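# Fold and contact review
Letter by letter, the chains look like this.
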Amino acid sequence: MAYEYILSEKLETGVGLIRFNRPRALNALSPQLMGELGEALQAFDADADVHCIVITGNERAFAAGADIKAMANASMADMLTQDLIARWETIHHIKTPIIAAVSGYCLGGGCELAMSCDMIVASESAQFGQPEINLGIIPGFGGTQRLTRTIGKPLAMEMVLAGRYLNTEEALAHGLINHVYPVETYLEEALKLAAKVAAQAPLAAQLAKEAVNKALETSLHEGLYFERRLFQMLFASEDQKEGMTAFIEKRAPQWKGK
Ligand code: DAK
């Protein structure tokens, strides 16, 4: 499918690759771009050959935020009634694991989108920030919530109140990102990690993602109960039988996604 602001490609490794393609606007996340991203994500999620998704930008910018020019004249009523939020929310309904491959600016909605992915692989030039305060607003897609749960209150406060950026060393130290690589190789490394995820039993990967995400939203007691139920459910899958039989027979498993 042809899009205007993203490029979408299915790789032989079972990875779906989505690249933002608005370089002149530092990949500002306009409503159209977010609509296209949502469609591409849903298409990959429904594709039986895709088992991990990578979202990336370019070397200079993952994304410098939501499109300020598209928002500048919006009223409160516009913000409440437009379907903008649904376009952004799509990513939270995707069952397939998603990796953000981030280089350069990862700001505002860009940072929030990256945090909505399941892992973040960064290039050495990546900079993470929630500078909405400089525009007279606050983050609106998780920048006060996901960020605080991940890096803790003191640093989240400084980012949200003072517009402080984090470099990759800080982001790594505070658990915001998984890995840092040189600019030349970060995407390749993100795709390698994605291929590793894509090679796992698909149902187990899907439920693992669901269970880990649940940990951020529930009590330990409820979370452990939820995890146990998913664990038990997997014993109804053909892939559980295959995985354990393959281990015993000392061979590689052949997953069916059933
Ligand atoms: N929106 C629109 N255009 C942008 C942009 C953005 N966020 N960021 C950069 N651009 C455009 C610039 O306007 C410029 O375009 P021209 O003037 O050439 O036409 C071009 O990209 C290059 O930018 P600069 O000339 O500014 O480049 P510099 O290297 O000098 O500076 C910069 C790079 C990243 C430091 C600077 O561009 C910058 O500060 N950008 C804005 C960063 C920012 O404030 N981001 C937060 C935006 S607010 C929600 C969902 C999402 C959100 C909220 C709610 N719901 C679903 C409820 C998110 C909100 C936000 O992200």
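Quick summary incoming for the structure in this document. (Residues numbered from 1 in each chain as written. Predicted model: local features only at pLDDT ≥ 70, side-chain atom pairs only at ≥ 80, totals over all residues. Heavy atoms only, no water.)

### Considerations on the pattern of salt bridges
Applying the stated criterion to the full structure yields 11 salt bridges. Lys10 is the salt-bridge partner of Asp49, the closest N and O atoms lying 3.8 Å from each other. Placement of Asp49 in the loop between helix 1 (31–45) and strand 3 (52–56) and of Lys10 in strand 1 (residues 6–10) is noted, with a sequence separation of 39 residues between them. Under the relative-accessibility criterion, Lys10 is labelled partly exposed at 44%. A salt bridge links Lys209 to Asp118; its shortest N-O distance comes to 2.8 Å. Note that Lys209 is positioned in helix 10 (residues 202–214) and Asp118 in the loop between helix 5 (109–116) and strand 7 (119–123), a separation of 91 residues in sequence. For Lys209, a relative accessible area of 13% gives the class buried. Here the salt bridges do not stand alone but share partners, grouping Lys10, Asp47 and Asp49 into one network. (Salt bridge = Lys/Arg side-chain N within 4 Å of Asp/Glu carboxyl O. Helix = DSSP H or I, 4+ residues; strand = E, 2+ residues; numbered from the N terminus. Buried < 20%, exposed > 50% of the residue type's maximum accessible area, 1.4 Å probe, protein only.)

### Considerations on the packing of aromatic side chains
In the structure shown here, the tally under the stated rule is three aromatic pairs. Pairing Trp88 with Phe141 gives two aromatic rings, centres 5.1 Å apart and planes at 65 degrees, and the pair type is edge-to-face. With Trp88 in helix 4 (residues 84–89) and Phe141 in the loop between strand 8 (127–129) and helix 6 (146–151), this residue pair connects regions lying 53 residues apart in the sequence. Residue class for Phe141 comes out buried when judged on its relative accessible area of 11%. Lying over the aromatic face of Tyr5, Arg22 brings its terminal NZ or CZ to 5.1 Å of the ring centre. In this arrangement the basic side chain of Lys214 is found over the ring face of Phe226, its NZ or CZ atom lying 4.8 Å from the centre. (Phe/Tyr/Trp six-rings, centres within 6.5 Å; stacked < 30°, edge-to-face > 60°. Lys NZ or Arg CZ within 6 Å of the ring centre and 35° of its normal.)

Distances and angles like these do not, on their own, reveal function.
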